[in-house]
Amino acid sequence: MAIKNVMVIGAGQMGSGIAQVCAQSGYTVFLNDLSADQIERGLKGIKKNLGRAVEKGKLEADAMEETLSRISASTSLEDAAEVDLVIEAAVENIAVKADIFRKLDKIAPAHAILATNTSSLPITEIAAETDRPEKVIGMHFMNPVPVMKLVEIIRGLATADEVYKEIEEMTRVLNKVPVEVNDFPGFVSNRILMPMINEAIYTLYEGVASKEAIDDVMKLGMNHPMGPLTLADFIGLDTCLYIMETLYEGFGDSKYRPCPLLRKYVKAGWLGKKSGRGFYEYQ
């Protein structure tokens, strides 16, 4: 099966980034979200990214217009009836994703592959909500999507080999590097990254050092491009907490217990860059 038409569900930072790279690679894309306003914000971000590439001489103005022309706004999942692949990039919540996949299973053509961009949730559990578990797969992009090369491709228990190969090939068409990962909580990326961030938060919580000092140690001593507390703010502290809870529940190991300070910040609404305040303040 040749993938030509794609629906991306979720017009936030991840979804709009996925829509952009798909459209730039020649795919026709439906960018779907609950409201036209949310989609417009996503499209505005795509235009900004492409415009910046044009200004830097990395993209021709004609190519920018061609890319934008391949993206259509969609506020109805019924548009999935016309696609070969759906990439779901909605909120990191198992109940929300399960509901979306139940609906997609009834709407999408029988040949269509249903992929989720989940960063930690079990692919097998999401696939079980459908009558096509062999066509459900994880396709975990990194943020920011247009820049980062890695895509974790996660097989569920029933994912067919041909579906994996199809998604692996598409990932290369997107100029990304596919890495095969099995279906464990947090996969590889967040199983390693999130406990490090959580430990950095514990280090702050216990008064070992200031937030600036903790970030400087990891940047200057470990050659990380961004300190873990700054990175947590960019990811979103609510997302960090949800992933740590998924790891804690999935493995039943106390080493994944979310730091109380992380819980406190999320309850306060200090979610990081997107809310204007997390470990740092943002204008």
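Thresholds applied
- Every chain's residues receive numbers from 1 upward, in the order its sequence appears when written.
- Per-residue local features are limited, in this predicted model, to residues with pLDDT of at least 70; the limit for side-chain atom pairs, both in listing and counting, is 80 or more; totals at the level of whole chains, interfaces and linings are taken over all residues.
- The basis for every side-chain value is the complete set of heavy atoms in the structure, and neither hydrogens nor water enter the calculation.
- UniProt positions are given in the numbering used here, feature names are shortened, and annotations may be inferred rather than shown by experiment.
- Put simply, buried Ala, Val, Leu, Ile, Met, Phe, Trp, Tyr and Cys residues joined by side-chain atoms within 4.5 Å make one nonpolar core.
- Exposure categories follow from relative accessible area, calculated using a 1.4 Å probe and restricted to protein chains: below 20% of the type maximum is buried, above 50% is exposed, and the middle band is partly exposed.
- Contacts are assigned to residue pairs that have any heavy atoms within 4.5 Å of one another.
- Strands here mean DSSP runs of E at least two residues long; helices mean DSSP runs of H or I at least four residues long; both are numbered from the N terminus.
- Two strands pair under a simple rule: DSSP has to find at least two bridges between them.
- Patches here are clusters of residues that have more than 30% relative accessible area and form no salt bridge, with a 9 Å joining cutoff for like charges and a 5 Å cutoff for nonpolar side chains (Val, Leu, Ile, Met, Phe, Trp, Tyr).
- All accessibility values rest on the Shrake-Rupley procedure with a 1.4 Å probe; residue burial counts only the protein chains present in the view.
- Here a salt bridge means any side-chain nitrogen of Lys or Arg lying within 4 Å of a carboxyl oxygen belonging to Asp or Glu.
- Within this scheme the basic residues Lys and Arg register as positive and the acidic residues Asp and Glu register as negative, but His and the chain ends are omitted.
- To locate a charge, take NZ of a lysine, CZ of an arginine, CG of an aspartate or CD of a glutamate.
- Here the aromatic set is Phe, Tyr and Trp, taking the six-membered ring for Trp, and pairing holds for ring centres within 6.5 Å; pairs whose planes are under 30 degrees apart are stacked, those over 60 apart are edge-to-face, and all others are tilted.
- Criterion for a charge above a ring: Arg CZ or Lys NZ at most 6 Å from the ring centre, at most 35 degrees from the ring normal.
- Throughout, the arc means the angular range of directions from the helix axis out to the C-beta atoms.
- A 1.4 Å probe that fits into a set of points on a 1 Å grid over the protein atoms alone but cannot get out defines a cavity; an open set with protein on both sides within 12 Å along at least five of seven lines defines a pocket, and lining residues are those with an atom within 4 Å of a point.
- Grid points are joined across faces, edges and corners, and a volume is the space filled by probe spheres set on the points.
- Under this grouping Gly is polar, as are all residues other than the nonpolar Ala, Val, Leu, Ile, Met, Phe, Trp, Tyr, Cys and Pro and the charged Asp, Glu, Lys and Arg.
- Residue ranges for the domains originate in an automatic or database domain assignment.

Per an unreviewed UniProt entry, the protein is named 3-hydroxybutyryl-CoA dehydrogenase, and its organism is Neobacillus piezotolerans. According to UniProt, the comment filed for the protein under the heading Sequence similarities (unreviewed entry) is "Belongs to the 3-hydroxyacyl-CoA dehydrogenase family." Taken verbatim from the UniProt record of the protein, the Pathway (unreviewed entry) comment is "Lipid metabolism; butanoate metabolism."

1. A short note on the nonpolar core
Val 6, Cys 22, Leu 31, Leu 85, Ile 87, Met 139 and Met 170 are the most contacted members of the largest nonpolar core, which has 38 residues in total. Sequence-distant contacts of Met 170, defined by excluding residues within four places in its chain, comprise Ile 3, Val 6, Cys 22, Tyr 27, Leu 85 and Met 139. Counting residues in each nonpolar core, the second largest holds 23 residues, with Ala 200, Ile 201, Tyr 202 and Ala 232 among its members.

2. Things to note about the pairing of strand 6 (residues 136-141)
Along a regular strand, successive side chains alternate from one face of the sheet to the other. For strand 6, the tally of buried residues reaches 6 of 6 residues, placing the bulk of the element in the interior. Both faces of strand 6 are covered, namely the face carrying Val 136, Gly 138 and His 140 and the face carrying Ile 137, Met 139 and Phe 141. Relative to strand 6, strand 5 (residues 113-116) runs parallel, the two being bridged by 3 bridges. Residue pairing across strands places Thr 116 opposite Gly 138, the latter belonging to strand 6. Summarising the sheet, strand 6 and strand 7 (residues 150-155) pair through 5 bridges and their orientation is antiparallel. Counted as the bridge partner of Phe 141 is Val 151 from strand 7.

3. Some points on a positive patch on the surface
Side chains of Lys 44, Lys 48, Arg 52, Lys 56, Lys 58 and Lys 273 sit close together on the surface and give a patch of like positive charge. Within the secondary structure layout, Lys 273 lies in the segment after helix 11 (260-268).

4. Topic: the packing of aromatic side chains
If you walk through the whole model with that rule in mind, you get 5 aromatic pairs. Note on Tyr 265 and Phe 279: the rings are 5.0 Å apart at their centroids and 35° apart in plane angle, and the pair reads as tilted. With a gap of 14 residues between them, Tyr 265 in helix 11 and Phe 279 in the segment after helix 11 connect regions that are remote in the sequence. Judged by relative accessible area, Phe 279 falls into the buried class, the value being 5%. An aromatic cluster is built from Tyr 265, Trp 270 and Phe 279, whose rings are joined through pairwise contacts. Just above the ring of Tyr 280 sits the side chain of Lys 211; from NZ or CZ to the centre is 5.6 Å. Sitting over the ring of Trp 270, Arg 277 keeps its end group 3.7 Å from the ring centre.

5. A word on the pattern of salt bridges
In the structure shown here, the tally under the stated rule is 15 salt bridges. In this structure, the salt-bridge partner of Glu 92 is Lys 97, at a minimum N-O distance of 3.8 Å. Take Glu 92 and Lys 97: they sit in the same class, and that class is buried. A salt bridge links Arg 132 to Asp 105; the nearest nitrogen and oxygen atoms lie 2.8 Å apart. With a gap of 27 residues between them, Arg 132 in the loop between helix 5 (123-127) and strand 6 and Asp 105 in helix 4 (residues 94-107) connect regions that are remote in the sequence. Assigned by exposure class, Arg 132 and Asp 105 land together as buried.

6. Let's talk about helix 11
Residues of helix 11 that are buried: Leu 261, Leu 262 and Tyr 265. End-on view of helix 11: buried residues confined to an arc of 105°, all on one side of the axis. With respect to the buried face of helix 11, the exposed residues turned more than 90 degrees away are Lys 264 and Lys 267. Against the buried residues of helix 11 lie helix 7 (189-205) and helix 10 (237-251).

7. Notes on the UniProt feature "domain: 3-hydroxyacyl-CoA dehydrogenase NAD binding" (unreviewed entry) in the protein
UniProt tags residues 5-183 as "domain: 3-hydroxyacyl-CoA dehydrogenase NAD binding" (unreviewed entry). The span residues 5-183 is 41% helical and 22% strand by assignment, and the distance between its end C-alpha atoms comes to 27 Å.

8. Brief notes about the layout of surface pockets
Within this model, the second largest pocket holds a volume of roughly 240 Å³. In terms of lining residues, the second largest pocket is bounded by 13 residues, among which Leu 121, Pro 122, Glu 125, Thr 246 and Glu 249 are the most central. At 5 residues, the largest contribution of residues to the lining of the second largest pocket is made by helix 10. The residue inventory of the lining of the second largest pocket, partitioned by class, reads 6 nonpolar, 3 polar and 4 charged. When residues are assigned to domains, the lining of the second largest pocket turns out to be shared by domain 1 (5-182) and domain 2 (190-272), each giving three or more.

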